[in-house]
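Structural features, examined
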Amino acid sequence: YPTSVQAAMSDERFAGHEGEDHAQEVAAAAIISAGSILLAQRTYPEELAGLWELPGGKVHDGELPAEALRRELEEELGVTTAIGPRIGVDVDLAGAGSDSERYVLRAYLVQLIAGEPQPLEHAEIRWFTVAELRDADLVPNDRVWVDDLVRSMREH
Ligand code: 9L3
Ligand code: MG
């Protein structure tokens, strides 16, 4: 290839063809207020039912992650939110879908703008203190974020 094409091919904008960026994103919300974090208890699939998670869901084709997370939080909690910066590492979700697609889970700091959170798609929602978060039965994928979440909760 000519040099200019090689440069373009190594550009991260091209990574979607075969790199990490091709993974479908699942966006999750760290909603922190008065030193506590809002977690939601999953009802499905069977292996995750009863476990607590940062609410959120899959980014649809053509959606920006922040748009998707705002939509998911409207659907799941009935609230209007403002999506803030990323928190914690990317988590590879092996086999999260029924298809062969790869998923990457990313958490964002989120502020409640309007509405009282309700468990519209979860068994229950609850505010967790730092001690309660450390003790919570979290979905395995979300456990990696605990130290980052605790740090952020202590700043709020
Ligand atoms: N997931 C894991 N942790 C989270 C969220 C929001 C999602 N905090 C996983 C569970 C599913 C997949 O991502 O395998 C898609 O999530 P959803 O659309 O079922 O909420
Ligand atoms: Mg969801």
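Above this text is the structure in question.
Let me begin by describing the structure that accompanies this report. Here the structure is a predicted model, which means the values were calculated and not measured. The numbers attached to residues start from 1 for each chain and follow its sequence in the written order. Each chain is given a letter, starting from A, and each ligand a number, starting from 1, according to the order in which they appear as written. For a predicted model such as this one, the threshold for reporting local features is a pLDDT of at least 70, and the threshold for listing and counting side-chain atom pairs is 80 or more; totals across whole chains, interfaces and linings nevertheless cover every residue. Hydrogens and waters are ignored; side-chain quantities use all the structure's heavy atoms.

Details of helix α2 (residues 65–77)
Numbering of helices and strands runs from the N terminus; a helix is a DSSP stretch of H or I covering at least four residues, while a strand is a stretch of E covering at least two. What a helix should span is 1.5 Å times the count of its residues minus one. Taking 1.5 Å as the rise per residue, α2 with 13 residues should run 18 Å; its terminal C-alpha atoms sit 17 Å apart, in good agreement. Of all the positions in α2, only Ala-68, Leu-69, Arg-71, Glu-72, Leu-73, Glu-76 and Leu-77 are classed as buried. Considering only its buried residues, α2 is in contact with β1 (24–33), β2 (36–41), β4 (56–58), β5 (80–93), β6 (103–114) and β7 (124–128). Two residues or fewer past α2, Gly-78 is found with a positive phi of approximately 70°. Only protein chains enter the calculation, and the probe is 1.4 Å; a residue is then buried if its accessible area is under 20% of its type maximum, exposed if over 50%, and partly exposed in between. Contact criterion: two residues are considered in contact whenever any of their non-hydrogen atoms come within 4.5 Å of each other.

Focus: the site of ligand 1
Close contacts around ligand 1 come from 15 residues, with Arg-42, Tyr-44, Leu-54, Gly-56 and Asp-142 the closest. Here an oxygen atom of ligand 1 and a side-chain polar atom of Tyr-44 are 3.0 Å apart. Here a polar contact means two N or O atoms within 3.5 Å. Within protein one must be a hydrogen donor candidate and the other an acceptor candidate, and residues neighboring in sequence count only if both atoms are side-chain atoms. Take Leu-54: an N or O atom from its main chain is 2.7 Å from a nitrogen atom of ligand 1. Computed with a 1.4 Å probe, the accessible areas rest on the Shrake-Rupley method; for each residue, only the protein chains presented here act as cover. Considered on its own, ligand 1 offers 440 Å² of accessible surface; in the complex 90% of this is hidden by protein. The set of elements that each furnish at least two residues to the shell around ligand 1 consists of β1 and β4. Of the residues forming the shell around ligand 1, the biggest block, three residues, is contributed by β4. Residue classes follow a fixed rule: Ala, Val, Leu, Ile, Met, Phe, Trp, Tyr, Cys and Pro count as nonpolar, while Asp, Glu, Lys and Arg count as charged, and any other residue, Gly among them, counts as polar. Its residues placed into classes, the shell around ligand 1 shows nine nonpolar, two polar and four charged. A cutoff of 4 Å decides nearness: a residue is near a molecule or strand if any of its heavy atoms lies inside that distance of it.

Some details on the pattern of salt bridges
A pair can form between side chains of opposite charge whenever their charged atoms are brought close. Definition used for salt bridges: Asp or Glu carboxyl oxygen within 4 Å of a side-chain nitrogen of Lys or Arg. By the definition in use, this model includes eleven salt bridges. Here Arg-71 makes a salt bridge to Glu-63, at a shortest N to O gap of 2.6 Å. Between Arg-71 and Glu-75 there is a salt bridge whose closest N-O contact spans 3.3 Å. Here Arg-71 and its partner Glu-75 are both found in helix α2, four residues apart, which amounts to about one turn of the helix. Residue classification places Glu-75 among the partly exposed residues on the basis of a relative accessible area of 34%. Each member of the salt-bridge network shares a partner with another, and the members are Glu-25, Arg-86, Asp-90 and Arg-106.

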